[in-house]
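# A look at the structure
Residues per chain, in single letters:
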4 protein chains.
Amino acid sequence: MDEKLKEACGVIGIYSGAEDPSLGRTIYYGLYALQHRGQESAGIAVSSGSGIDYHKDLGLVSEIFSEKVLDRLSGRIGIGHVRYSTTGFNNLSNAQPLVVRYKNGYLAVAHNGNLVNAHELRYELEESGAVFQTTADSEIIAFLIAREASNDVVEAIKGCVNKIKGAYSLVMMTEESLIGVRDPNGFRPLALGKYNGSYVLASESCAFDTLGVEFVRDVEPGEIVVIDRSGVKSIRYRCGGKRSLCIFEFVYFARPDSTVDGINVYRARLESGRNLAKEHPADADLVVGVPDSGTVAAMGYSAQSGIPFGFGLIKNRYIGRTFIQPSQKLRKLGVMLKLNALKAEVKGKRLVLVDDSIVRGTTSSQIIRMLKEAGAKEVHVRISSPPVTHSCYFGIDTSSRKELIAASYGVEEIRKYIGADSLGFLSLEGLIKSTGCGREKFCTACFSGEYPLKVPGEGKKYLFEKC
Amino acid sequence: MDEKLKEACGVIGIYSGAEDPSLGRTIYYGLYALQHRGQESAGIAVSSGSGIDYHKDLGLVSEIFSEKVLDRLSGRIGIGHVRYSTTGFNNLSNAQPLVVRYKNGYLAVAHNGNLVNAHELRYELEESGAVFQTTADSEIIAFLIAREASNDVVEAIKGCVNKIKGAYSLVMMTEESLIGVRDPNGFRPLALGKYNGSYVLASESCAFDTLGVEFVRDVEPGEIVVIDRSGVKSIRYRCGGKRSLCIFEFVYFARPDSTVDGINVYRARLESGRNLAKEHPADADLVVGVPDSGTVAAMGYSAQSGIPFGFGLIKNRYIGRTFIQPSQKLRKLGVMLKLNALKAEVKGKRLVLVDDSIVRGTTSSQIIRMLKEAGAKEVHVRISSPPVTHSCYFGIDTSSRKELIAASYGVEEIRKYIGADSLGFLSLEGLIKSTGCGREKFCTACFSGEYPLKVPGEGKKYLFEKC
Amino acid sequence: MDEKLKEACGVIGIYSGAEDPSLGRTIYYGLYALQHRGQESAGIAVSSGSGIDYHKDLGLVSEIFSEKVLDRLSGRIGIGHVRYSTTGFNNLSNAQPLVVRYKNGYLAVAHNGNLVNAHELRYELEESGAVFQTTADSEIIAFLIAREASNDVVEAIKGCVNKIKGAYSLVMMTEESLIGVRDPNGFRPLALGKYNGSYVLASESCAFDTLGVEFVRDVEPGEIVVIDRSGVKSIRYRCGGKRSLCIFEFVYFARPDSTVDGINVYRARLESGRNLAKEHPADADLVVGVPDSGTVAAMGYSAQSGIPFGFGLIKNRYIGRTFIQPSQKLRKLGVMLKLNALKAEVKGKRLVLVDDSIVRGTTSSQIIRMLKEAGAKEVHVRISSPPVTHSCYFGIDTSSRKELIAASYGVEEIRKYIGADSLGFLSLEGLIKSTGCGREKFCTACFSGEYPLKVPGEGKKYLFEKC
Amino acid sequence: MDEKLKEACGVIGIYSGAEDPSLGRTIYYGLYALQHRGQESAGIAVSSGSGIDYHKDLGLVSEIFSEKVLDRLSGRIGIGHVRYSTTGFNNLSNAQPLVVRYKNGYLAVAHNGNLVNAHELRYELEESGAVFQTTADSEIIAFLIAREASNDVVEAIKGCVNKIKGAYSLVMMTEESLIGVRDPNGFRPLALGKYNGSYVLASESCAFDTLGVEFVRDVEPGEIVVIDRSGVKSIRYRCGGKRSLCIFEFVYFARPDSTVDGINVYRARLESGRNLAKEHPADADLVVGVPDSGTVAAMGYSAQSGIPFGFGLIKNRYIGRTFIQPSQKLRKLGVMLKLNALKAEVKGKRLVLVDDSIVRGTTSSQIIRMLKEAGAKEVHVRISSPPVTHSCYFGIDTSSRKELIAASYGVEEIRKYIGADSLGFLSLEGLIKSTGCGREKFCTACFSGEYPLKVPGEGKKYLFEKC
């Protein structure tokens, strides 16, 4: 039913100078703030200097951790992970952080991204005797670190990042240090914060706000940050290259209260609505956003166009994991379980309906039908991003290309399919402009097909789990 | 942490001419649409003509009912209930519907409201040998019906409603009929709908939309609606008296996509924001609503005042029942777990912060502090209802009067307590005007202390569970 | 698969002079010792003098009560109940103790037995306006007590016991007293114990041993025991009549380490095996008991006959409630999941197989087949009680008569059906003799059809839940 | 409270020529029959020829697998594992089977035993870049197989078994074959069976009986059995050496209805009781076994001595995993929760109390006290095995030596500690004689300190999990 693209993961790490009985809890609240980046599994690993304890399971952060478990997870250093995983068997073994023991002691790895050469690396590692217990990229990363000759973990990490290609924002820990790594393209966000002499790494700055942590700076693409007893050390192993920050973070994934690489997500989203109004004006009475993803852009559209903004759709927020989907006979209920049209607001009106993206188009068509049944005279759909035409190999689950409606159909065909009176997508230029930055800063592959790195074929993409 | 007034209950009933294997599921989706009216327990009772089967438990609708249970709950007639309950032991025994067997067969009762003479009725019933197994008003109602001499259930219900006083929107069922009752004052809503020859009673029209049911009309205050093999029969046992529809349904309880007694909730809420702007204008840069309860009024304020509307607060929607509250040491996180200020939007601005009501004032003060820490220059608080100064005896949990900040303090004192730069409450006249109806239509007791019925003392109120 | 007759219930009550934080726990361990009397639901109710708190649920004692719940259940007086319930809907509402509020305050009732005039009493009560929320006899009992004119609970109980007929061992509590009642026939056991100034009532003395409680005496048939601040008071309301202790308690229900009305269960069971050997000798090599119910009688048979006793069957004790029964295709596994023949012991031997009773005969036939497949040359079945030919109306679930193989078939037909080489049942005289008491002491209705009280027809028996 | 030595694991594997939708269920029932070998975690892995699916979790077999999971686990080849695990964090990651992917495809490993050179092997593997995710020996085994040059899994297994030392009965599977391996000493049992063209490997023959499988033979020490499309192939890689079958399997671990390496467990246990009576006669009235472990030997003692056998102790079988242990104040209840003395049987008698072993001595002392309080005049303790004086390094959890009472104290001291009137342990010779085999066949290290292989120091033993 839900046809949104899926973000793969969120990561967090804390280096607390001294033993902290609340360490597990603090990471728990941090993960809770990052829950939008992955709702299928979560985990926390901690160390007090000797060994690494951890707990991970399938489910939401609030379902996985009990008081008893959080009490156990005290320590000086800890990392956490939330994950959206593709369905299939053995999901639990792919939950992160991955905690391993190798020649230099214990290591825990939390990964957000997707390696494009995972297939080759697995093959090489297997050929030399490696044994894989999961299908997660983080296992490849741990294996490569373990196989480096150096006994120095930072040297070993340097060796590893010379081999892996693709998107990776990593938060790792040994029994003595917290380490953050961002790939040279900087596909996925990673930020550094501090409070009370502690240091925090997190996927998004919104986690800092929740924890009362002061934002210090973004980790740079191609940078390794090492935090230990001697403080924060930065190793810029391949900085200064081509940047490829995922532009979809601003369209949908990141929380509006986060600021990523200097770009405020809320402002970018509001601006995308403004630009959408410029590119695709409409003769209408009311601007309505699809809650929650289209709301901010809808406000921007309204502000630019002068057409009033209103709530035309009400979202039921009580759906939980165990919610029972309607049987065939009741299937017509469909989207209405989650959304209801506000008849009083939409009746007799010409609407601009703003959403952030269209993936398969089925949800859009249901919403439009519902609005028309509620009395809307016209529904002009405006999408605050370009058509998604290509698969992502850098940490987003776009499903296969054939499920992307825009990969096979043009705008007019999509309009007909969803039953809109008109349909307009924001241009890629318009989207880029909304961020206030230049095109060279972003990966726009899902819209443009211009992959910043060589990617494997469609088929191979689904052999392994990304995150 | 959450200081909202609590609605007590939501009810639904379906009369499906023929045996319907999906009856339980249909009620399930209806309850899901009414989940905002009660999140602590839920239940469904059904009959195929011989006996009444039921399932009820503590928790959200989506947590309580499994596929297996819903498959079991097929039938021709069914009712459902969601409930907010006060804490205390033995909650489960108070979950509804209450299903009983008495001289005329089986009866199931689902109640939304609160009897003001519960204490006296219980005493009388006990004196004549009655044995209570719960503390719910619905048990009193069932007992009174059972003690009527008549073997005709409708006659018995008439006898019962002549004895009970207070607020009651009842949905009841026997093995052969579905019955709806609304008290003569019409404190709580109750509406009638139909589809495919089936009839539906529900607390709010939003449940009809979810189920694809056509709204027929509101049940009238003082009306008994009986639906059985012979169709819909209406008994107006005490219609035409003083109406006392709870005005707080429009301030906070009812879903914006519902229409209650002809008043659209969304429109009333939007209008209350407009009237608030007229009564308490502010010299500011941005209007921000406290999500979700203040958002619609904030839009109205913005529309009236011309001050732009913006999202200044982001709400984290992943908090579940098992969420672990921060320990003392991490308590300062407080509200920030659920809400985060949008720095990019509020920094340097003078804000109008709109919320629907203030109960204890603690949440407001935390939100204001958060906004100021995020850089807001000024925070002008505007409340889209008058100060809550009196306890409710008609189905809302207002806690005791001493917990109501406005019962003890004036506006200026509250302003200081919450740390606002200015504070304005909508007047009762303004609120009433927002509904488009006259004062005579409403119960305004929580704001005015004018109780439409004689109420028991504060103490007695807490002896029994209301719903 | 399991074709044993089902005991209906076990009860316990504790009067602890002073507030006891461990009261709930002590009752928990007592119920655990009585778990063999009912495994489908359990409950504990306690009072510290004001109101009665309780917790009850479906499942085993060890599954139902958490540390948190037991910590809550502190108090001065408490009662507990374990129950075997017939399947059907709404089992939970029939779980006991039943806790009610009536004109004289709170009352909790735990019942072991079955009223034979339940149908008439319910009709009368309903006619006078009573509303039933369960189908348990304990509800009738509570209603009758509540309707007595007297404000003195003991007087009211006296009034009640003059009306109810059948089997009832009751443990009840008010906020101030613990009360035990045993029906005038004494169908079901009930014993009184004491420790440290506390008094305990329990279905069987084995619960006293577990709790370190000293056995004082059995409650007499027709006696009411009241324990309160002033000590233990005995009211013999109809003592001295015809005794009808259920003889099946000695055949199967009671734990071997209990002593009921002066008869030690282990000794009676051992003696029944001896008498069985006298009545039905066999030319065999080994005596084997069906674990666990036939083991003690098998030892008696061996001792009397001189044929060695051996373990020919091994029982797997890890089957739990959630155990998945074999699907049709794997059904042939049948009994073997729970039992396995000890080939090394039975191969080539002529066996005497001793069990306590035969109900439907299916289990016996599977066991015999298994023993023969394991190499047993002959299997001579000896049953340590007479054929079960009649339904029980006094607290045992014997199913309907048509499910009792011995109600329709003679010994030789049963022998053929189960595939035994010979079959012998202990005579009723032999069974009675095993107890060391005379026939006049027992109810033997399930074997003899001689009901000590007038019983309702087969049909009516299943209208209501017994316990 | 429970002071028994803990068996580490049970294994099973099935090769079913054709795809079998019931494969998971069949393994489930097989694991259920082996549940006595490990109650803390269980798992099943299956393959239909492409990849290996699995499910494993903490808990009893009946708790871990739902209908839904078993339906998923269809296939042609499958293995299962039950495990007793030492406490500590991350138990779940040590649950088996371990399923991995390596250069030659998928491999699943289920292990019963304990490697004595695990420490050295881990060090070597880590030095060459291996990354460990568990602390189980099965991971070492999988790694060694993966590092062999050969692409033939059997060749690789041969290479692996040349490196590992210690106790290992392995059941492994690839996508195409089922493989059983038994270490050259044959410490742990492993048997081969067949039915309907399918082959089964299992720790004990009792699993064959449950599944209706025909016993073929024991896997020989030093033998690899490979079952695939071409049938059963046997590779005797180091057969014919010193045998060291664990003699404790006959004392306590194995189920009495199993036959291990030609020795029937029930007969050996019965014989040990006879020999015990010869070595340590007693002047007594009744022989009582501690249920269930001492019962069979008690019967042997009775048969040899002529002293009657009786049940002096009743065991409560309803204790489950969630059972709440008595708090300090109620601790005196101790053993009595599980066991109760049969006063009627033991009062005034001189008892021989037979148990299989004494580990810490605390349980024995509680039982003796209980029997004396029940009236036993004398309690003569007879143990059907020698004093346990040495730690086991071959798959049994004996705790550390200092917890073994017999490692520090002589027989007379132990007698005093437990409060027995006399105490006799069966001699090692007597125990060996009971099996009908010679000393050269067994490992007797826990009694004699004669380790068949060089073992690591006490300290190292606890670094890794055995199974």
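All values reported here derive from a predicted model rather than from experimental measurement.

What follows covers the overall build of chain A. Helix and strand counts for chain A stand at 17 helices and 25 strands. Compactness check: chain A gives a C-alpha radius of gyration of 23 Å against a globular reference of 23 Å for 467 residues, within 12% of the reference. Reported as C-alpha extents along the three principal axes, the dimensions of chain A are approximately 70 × 45 × 45 Å. When contacts within chain A are restricted to residue pairs at least 6 apart in sequence, long-range pairs at least 24 apart make up 72% of them.

The subject of this paragraph is the sheet that holds strand β7 (residues 105-115) of chain C. All names here are of chain C. Across the sheet, six strands lie side by side as β6-β7-β8-β9-β13-β14; this open sheet has antiparallel pairing. In this open sheet, the two strands that pair with only one neighbour each are β6 (98-102) and β14 (231-236). Between one strand axis and the next, the sheet turns by 20° as a mean value, whatever way the strands run. Taken together, the four bridges between strand β9 (residues 178-182) and strand β13 (residues 223-228) define a ladder with antiparallel strand orientation. Paired with Ile179 across the bridge in β13 is Val226. Each of β6, β7 and β8 (166-173) is contacted by helix α6 (residues 137-147), which is oriented at about 130° to β7, the strand it contacts most.

After a rotation of 180° and a shift along the axis of 0.0 Å, chain A superposes on chain B with an RMSD of 0.1 Å. Here the transformation between the copies is reduced to the relation of a two-fold axis. In terms of proximity to the rotation axis, the leading residue of chain A is A:Arg317, whose C-alpha is 3.9 Å off the axis. Same-surface contact between copies: 98% of interface residues of chain A are shared with the interface of chain B.

The next subject is the interface of chain A and chain B. Contact with chain A, which involves 47 residues of that partner, is made by 47 residues of chain B. Every element with two or more residues in the side of chain A that touches chain B is listed here: α1 (23-33), α2 (61-64), α3 (67-72), α7 (206-211), α9 (265-279) and α11 (343-346) of chain A. For the side of chain A that touches chain B, a count of residues per class yields 24 nonpolar, 12 polar and 11 charged.

The subject of this paragraph is the interface of chain A and chain D. With 19 residues of chain A at the contact, the number on the chain D side is 19 residues. Going through the elements one at a time, β4 (53-58), β6 (98-102), α4 (118-127) and α5 (137-147) of chain A are the ones with two or more residues in the side of chain A that touches chain D. Of the residues forming the side of chain A that touches chain D, the biggest block, four residues, is contributed by α5(A). Residue classes in the side of chain A that touches chain D are distributed as 10 nonpolar, three polar and six charged.

Residues and elements named next belong to chain B. Spatial ordering of the open sheet is given by β4-β3-β5-β2-β11-β10-β12, a layout of seven strands whose pairing is antiparallel. Where the open sheet ends on each side, the last strands, each with one partner, are β4 (53-58) and β12 (214-218). Geometrically, the sheet is characterised by an average inter-axis angle of 15° between neighbouring strands, direction not taken into account. Across four bridges, the pairing between strand β10 (residues 191-195) and β12 is antiparallel. Residue pairing across strands places Gly193 opposite Phe215, the latter belonging to β12.

Residues and elements named next belong to chain A. If you check the domain split of chain A, you get domain 1 (6-244) and domain 2 (266-451). Relative placement of domain 1 and domain 2: their C-alpha centres are 33 Å apart. Domain 1 puts 16 residues into the contact, and the matching count from domain 2 is nine residues. Within the residue set of the side of domain 1 that touches domain 2, elements represented by two or more residues are β1 (6-7), β7 (105-115) and β8 (166-173). A per-element tally of the side of domain 1 that touches domain 2 places β7 first, with three residues.

Residue and element names in this part refer to chain A. Take Asn196: it is sitting in the loop between β10 (191-195) and β11 (198-202). The class for Asn196 is exposed, based on 11 C-beta atoms found within 10 Å. For the pair formed by Asn196 and Asp257, sequence separation is 61 residues and the distance between their alpha carbons is 23 Å.

Right, let's talk about the nonpolar core for a bit. Grouped together as the largest cluster of nonpolar side chains are 640 residues, with contacts concentrated most on A:Ala108, B:Ala108, C:Ala108 and D:Ala108. Once residues within four sequence positions are removed from consideration, C:Ala108 is found in contact with C:Ala45, C:Ile52, C:Tyr54, C:Ile79, C:Pro97, C:Leu98, C:Val99, C:Met172 and C:Met173.

Moving on, we get to the arrangement of the chains. Structurally, chain A and chain C remain out of contact, their C-alpha atoms never closer than 13 Å. Across the gap from chain B to chain D, with no contact made, the nearest C-alpha atoms are 13 Å apart.

Time to look at the relation of the copies chain A and chain D. For the pair chain A and chain D, the best superposition has an RMSD of 0.0 Å and corresponds to a rotation of 180° with a translation of 0.0 Å parallel to the axis. Interface overlap between copies is the fraction of interface residues in one copy that are interface residues in the other; for chain A against chain D it reaches 100%, indicating a shared surface.

As a further point, take unusual backbone geometry. Cis geometry marks the peptide bond from B:Gln96 to B:Pro97; its omega dihedral reads 0°. Considering the arrangement of structural elements, one finds B:Pro97 in the loop between α4 (91-94) and β6 (98-102). Residues D:Pro291 and D:Asp292 are joined by a peptide bond in cis, for which omega reads -10°. As for its position among the elements, D:Asp292 is in the loop between β18 (286-289) and α11 (295-305). Its identity as a non-glycine residue notwithstanding, C:Asn196 has a phi of 45°, on the positive side. Phi angles above zero are rare outside glycine, and C:Asp261 is one such case at about 50°. Its place among the elements puts C:Asp261 in the loop between β16 (259-260) and β17 (263-264).

Moving on, we come to the pairing of strand β3 (residues 41-47) of chain A. On a regular strand, one side chain projects to one face of the sheet and the next to the other, so that they alternate. All names here are of chain A. Burial analysis of β3 places seven of its seven residues in the buried class, the great majority of the element. Here β3 shows no split at all, with Ser41, Gly43, Ala45 and Ser47 on one side and Ala42, Ile44 and Val46 on the other all buried. Relative to strand β5 (residues 75-83), β3 runs antiparallel, the two sharing seven bridges. Note on β5: the bridge partner recorded for Ser47 is Ile77. The pairing of β3 with β4 spans six bridges and is classified as antiparallel. Within β4, the residue paired with Ile44 across the bridge is His55. Counted along the chain from β3 to the antiparallel partner β4, the turn is five residues long, and its residue Gly49 has a positive phi close to 115°.

Every buried residue belonging to helix α16 (residues 428-435) of chain D is among D:Gly430, D:Leu431, D:Ile432, D:Ser434 and D:Thr435, and all of these are buried. Residues of α16(D) that are buried in the fold lie against α9 (248-253), β17 (263-264), α10 (265-279) and β25 (442-443) of chain D.

All right, on to the confidence of the model for chain A then. Residues and elements named next belong to chain A. Taken as a whole, chain A shows an average pLDDT of 91; of its residues, 93% reach a score of 70 or greater. Counted against residues more than four places away or in other chains, residues 461-465, with its pLDDT under 50, gives 12 contacts. Across the whole predicted complex the pTM is 0.92, and at the interface the ipTM reaches 0.91.

Residues and elements named next belong to chain A. For the pair α9 and helix α10 (residues 295-305), interaxial distance at closest approach is 7 Å and the crossing angle is 45°. One way to sum up the angle between α9 and α10 is to call them oblique. Between α9 and α10 lies a crossing of right-handed hand. From α9, Tyr266, Arg269, Leu270, Glu271, Ser272, Gly273, Arg274, Leu276, Ala277 and Lys278 reach across to α10, where they touch Val296, Ala297, Ala298, Met299, Gly300, Tyr301, Ala303, Gln304 and Ser305.

Reading the values: the criteria
- For every chain, the first residue of its written sequence is number 1, and the numbers climb from 1 along that sequence.
- To label them, take the chains in the order written and letter them from A, then take the ligands in the order written and number them from 1.
- With the structure being a predicted model, the display of local features is reserved for residues of pLDDT at least 70 and the display and counting of side-chain atom pairs for 80 or more, all residues being used for whole-chain, interface and lining totals.
- By the criteria applied, helices consist of DSSP H or I runs no shorter than four residues and strands consist of E runs no shorter than two, each listed in order from the N terminus.
- Here the radius of gyration uses the C-alpha set of atoms, whereas the globule reference equals 2.2 Å times the residue count to the power 0.38.
- Working definition of a contact: two residues with C-beta atoms, positioned from the backbone, lying within 7 Å.
- Should DSSP find at least two bridges between two strands, the strands are regarded as paired.
- Convention adopted: a line fitted to C-alpha atoms gives each axis, helices being fitted over their contacting stretch, and angles between N-to-C directions are expressed from 0 to 180 degrees.
- Only residues with pLDDT of at least 70 in both copies count here: their C-alpha atoms drive the least-squares fit that superposes the copies.
- Polar here means any residue outside two lists: the nonpolar Ala, Val, Leu, Ile, Met, Phe, Trp, Tyr, Cys and Pro, and the charged Asp, Glu, Lys and Arg; Gly therefore counts as polar.
- For every domain, the bounds stem from an assignment made automatically or drawn from a database.
- Field definition: a residue is buried when 20 or more other C-beta atoms are found within 10 Å of its C-beta, exposed when 12 or fewer are, and partly exposed for counts in between, with C-beta atoms placed from the backbone.
- Note on terminology: a nonpolar core is any set of buried Ala, Val, Leu, Ile, Met, Phe, Trp, Tyr and Cys residues joined through C-beta atoms within 7 Å.
- Think of pLDDT as the predictor's per-residue confidence, scored from 0 to 100.
- Roughly parallel refers to an angle under 35 degrees, roughly antiparallel to one over 145, roughly perpendicular to one between 65 and 115, and oblique to any angle outside these ranges.
- By convention, the crossing between two helices is left-handed when the near helix turns anticlockwise from the far helix through less than a right angle, and right-handed when the turn is clockwise.

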